[in-house]
Amino acid sequence: MKQLLILSIFLTNIFAQSQMQRNNADDMKKMEMRKKRMEQLQDQKESTMIGIQTNYLDLSPEQAQKFFPMQKEYRDLVREAQKQYREKVGKLRSKAKDVSNFDVDTAIEYQLEMKKEVAKLESEFLKNTSSVLTNEQRARLVYQEEKLKSEAAKRMAERGSDMSKRNFDRKKKLK
């Protein structure tokens, strides 16, 4: 009887381990698929932005070949500065047991350092574009982000008004 009990416990343990391994493998596959999808979306976003910028800045093919690698390097440096900031603030959060112990002043200093670094990187990038872009193109580049944000805000406002009309109509039909 004892042997049967030990054997059943042993087999249950083996079954549980194999099930956990299968679940872990499934989770890994899902994570890998999500990662690939995120990379595809990022590539698609970058391709779209390249097209928009090429048209907006009126870049020649030669200018585009020089400009976009410069811009990629700049964006990579900005991402790295932001990543370092998030890591520093993450360490502050992990040190604090609760919100009342969080060192807000240090977090503000870290944020200020990051913003200064990003501004410095942007300034250097814009200065370096003088070898590739005309002054008119550089001026457009400086104001491009603001213009894109305002256009996006307009589109969102238009969608919002369309959505409120739809919701109004939908409510009317329900009564």
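Reading guide: rules and limits
- Residues numbered from 1 in each chain as written.
- Predicted model: local features only at pLDDT ≥ 70, side-chain atom pairs only at ≥ 80, totals over all residues.
- Heavy atoms only, no water.
- 1 Å grid on protein atoms, 1.4 Å probe; cavity = no way out; pocket = protein on both sides within 12 Å on 5 of 7 lines; lining within 4 Å.
- Points joined across faces, edges and corners; volume = space filled by probe spheres on them.
- Helix = DSSP H or I, 4+ residues; strand = E, 2+ residues; numbered from the N terminus.
- Nonpolar A, V, L, I, M, F, W, Y, C, P; charged D, E, K, R; others polar.
- Buried < 20%, exposed > 50% of the residue type's maximum accessible area, 1.4 Å probe, protein only.
- Polar contact = N/O pair within 3.5 Å; in protein donor to acceptor, adjacent residues only side chain to side chain.
- Contact = heavy atoms within 4.5 Å.
- Phe/Tyr/Trp six-rings, centres within 6.5 Å; stacked < 30°, edge-to-face > 60°.
- Axes fitted to C-alpha atoms, helices over the stretch in contact; angles between N-to-C directions.
- Parallel < 35°, antiparallel > 145°, perpendicular 65-115°, else oblique.
- pLDDT = per-residue confidence, 0-100.
- Left-handed = near helix turned anticlockwise from the far one by under 90°.

Asker: Break down the layout of surface pockets for me, with residues and values.
Answerer: The gaps left among the atoms become clear once a water-sized probe is rolled over them. Within this model, the largest pocket holds a volume of roughly 950 Å³. Around the largest pocket sit 27 residues that line it, and Met-49, Gln-71, Tyr-74, Arg-75 and Glu-145 are the ones nearest its centre. When residues in the lining of the largest pocket are grouped by element, the largest group, nine residues, is from helix α2 (residues 61-95). Its residues assigned to classes, the lining of the largest pocket shows 12 nonpolar, five polar and 10 charged.

Asker: So what's going on with the side chain of Gln-53? Which residues, and what values?
Answerer: Tracing the backbone through its elements, the reader meets Gln-53 in helix α1 (residues 2-57). Residue Gln-53 is classed as buried on the basis of its relative accessible area, which comes to 1%. Polar side-chain contacts of Gln-53 include one of 2.9 Å to the side chain of Gln-144. Apart from residues no more than four positions distant in its own chain, Gln-53 is found in contact with Asp-58, Leu-59, Phe-67, Phe-68, Gln-71, Arg-75, Leu-141 and Gln-144.

Asker: Outline the side chain of Gln-63, listing residues and values.
Answerer: As for its placement among the helices and strands, Gln-63 is situated in helix α2. A polar contact of 2.9 Å, which involves the side chain of Gln-63, links it to the backbone nitrogen of Ser-60. Setting aside residues up to four positions removed in sequence, Gln-63 forms contacts with Asp-58, Val-132, Leu-133, Thr-134 and Gln-137.

Asker: Lay out the packing of aromatic side chains in plain terms, naming residues and giving numbers.
Answerer: In the structure shown here, the tally under the stated rule is three aromatic pairs. Seen from their ring centres, Phe-67 and Phe-68 are 5.1 Å apart, and the 70° between their planes marks the pair as edge-to-face. No difference in accessibility class separates Phe-67 from Phe-68, as the two residues are buried. Ring geometry for Phe-67 and Phe-125: centres 6.0 Å apart, planes at 45°, overall tilted. Separated by 58 residues along the polypeptide, Phe-67 in helix α2 and Phe-125 in helix α3 (residues 104-128) bring together distant segments of the chain.

Asker: Give me the lowdown on the packing of α2 against α3, citing residues and values where you can.
Answerer: Direction vectors running N to C along α2 and α3 enclose 175°, while the axes themselves pass 10 Å from each other. By the angle between their directions, the pair α2 and α3 is classed as roughly antiparallel. Counted together, Phe-67, Met-70, Gln-71, Tyr-74, Leu-77, Val-78, Ala-81, Gln-82, Tyr-85, Lys-88, Val-89 and Leu-92 of α2 and Thr-106, Ala-107, Tyr-110, Gln-111, Glu-113, Met-114, Glu-117, Val-118, Leu-121, Glu-122, Phe-125 and Asn-128 of α3 form the full contact between these two elements. When the residues that make up the contact of α2 with α3 are grouped by side-chain class, the tally is 15 nonpolar, five polar and four charged.

Asker: Outline the confidence of the model for the chain, listing residues and values.
Answerer: In the predicted model, the chain carries a mean pLDDT of 85, and 91% of its residues have values of at least 70. When pLDDT is averaged over each element of the chain, α3 comes out on top at 94 and helix α4 (residues 135-174) at the bottom at 76.

Asker: Which residues make up the packing of α1 against α2, and what are the values?
Answerer: At their nearest, the axes of α1 and α2 sit 12 Å apart, and the two run at 130° to each other. Between α1 and α2, the angle falls in the class oblique. Helix-helix and strand crossings are classified by hand; for α1 and α2 the assignment is right-handed. Residues Gln-42, Glu-46, Ile-50, Gln-53, Thr-54 and Leu-57 of α1 touch α2, and the partners they reach there are Phe-67, Phe-68, Gln-71, Arg-75 and Arg-79. The residue inventory of the contact of α1 with α2, partitioned by class, reads four nonpolar, four polar and three charged.

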